[in-house]
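Take a look at the letters that make up each chain.
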Amino acid sequence: MNFSIVILTFILMEGATWIIHKYVMHGFLWVLHRDHHDHTNKGPLEKNDYFFVIFALPAIALLYWGSLNNFDYRFFIGLGITLYGIAYFWVHDIFIHQRIKTLQKTQNPYFLAIRRAHKQHHKHTGKHDGECFGFLWVPLKYFRMYFNTKQ
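Throughout, a residue's number is its position along its own chain's written sequence, starting from 1. Only residues with pLDDT of at least 70 are given local features in this predicted model, and only at 80 or more are side-chain atom pairs given and counted; all residues enter the totals for whole chains, interfaces and linings. Only hydrogens and water are removed before side-chain values are computed, so all heavy atoms of the structure are retained for them.

Caption draft 1: Fine view of the overall build of the protein chain. Helical segments are the DSSP runs of H or I of at least four residues, strand segments are the runs of E of at least two, and each set is numbered from the N terminus. Summing up its helical and strand segments, the protein chain has 6 helices and 0 strands in all. Each helix and strand of the protein chain, ordered N terminal to C terminal, gives the series α-α-α-α-α-α. In terms of overall dimensions, the protein chain has a C-alpha envelope of 50 × 40 × 30 Å along the principal axes. The 151 residues of the protein chain split such that 37% are buried. Contacts are residue-level and defined by heavy atoms, with any inter-residue pair within 4.5 Å sufficient. Across the protein chain, contacts joining residues at least 24 apart in sequence account for 51% of those joining residues at least 6 apart. Only the protein chains shown count as covering a residue, and every accessible area follows the Shrake-Rupley method with a 1.4 Å probe. When the accessible surface of the protein chain is split by element, carbon and sulfur atoms take 67% of a total near 9700 Å². Under this rule, positive means Lys or Arg and negative means Asp or Glu; His and the chain ends count for nothing. A charge is said to be at NZ when it belongs to Lys, at CZ for Arg, at CG for Asp and at CD for Glu. For the protein chain, the centre of its 16 positive side-chain charges and the centre of its 9 negative side-chain charges are spaced 8 Å apart. Relative accessibility decides the category of a residue: with a 1.4 Å probe and only protein chains considered, values under 20% of the type maximum give buried, values over 50% give exposed, and everything between is partly exposed.

Caption draft 2: The packing of aromatic side chains, seen in detail. Side-chain rings of Phe, Tyr and Trp (the six-membered ring for Trp) are treated as a pair once their centres are within 6.5 Å; stacked means planes under 30 degrees apart, edge-to-face means over 60, and tilted covers the remaining angles. Applying the stated criterion across every chain yields a total of 9 aromatic pairs. With centroids separated by 5.2 Å and ring planes inclined at 70 degrees, the aromatic side chains of F10 and Y84 adopt a geometry described as edge-to-face. Here Y84 lies in helix 4 (residues 73-96) and F10 lies in helix 1 (residues 2-28), a separation of 74 residues in the sequence. A relative accessible area of 25% means that F10 is categorised as partly exposed. Judged by its relative accessible area of 3%, Y84 falls in the buried class. Seen in terms of ring centroids, F75 and F76 are 5.1 Å apart; in terms of plane orientation they differ by 85 degrees. Their pairing is edge-to-face.

Now the structure itself:
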């Protein structure tokens, strides 16, 4: 049952990420997300990096309170959120934005589709008119670009 909670939470985080990205990061917290799009930051960190802390706090609280209560469901929800955050960091910050140079020449269709969708998202430097707010699951047209190489 606990494994199911972790997996379900991880999957549900994709929907939560889409909603948060579109309506919070491109909404009332655009002031923190803007430099991720227009690259006005100086140095290796962006204001956008505060979201790491903002999103980690609920996971930490759930892990803490769940651990105090015999590792109940809250712990496993927090674990699912944490694992999603780790995946997000690796794929978004390391693979897509190359904060650590790795997998630069990948030919993996799934990774290429995610990278392409993210580039489409970043072609919009403003708060509005964005697209591709998802993370691990992006519109099918991007997957088709790389999975359907033979027509």
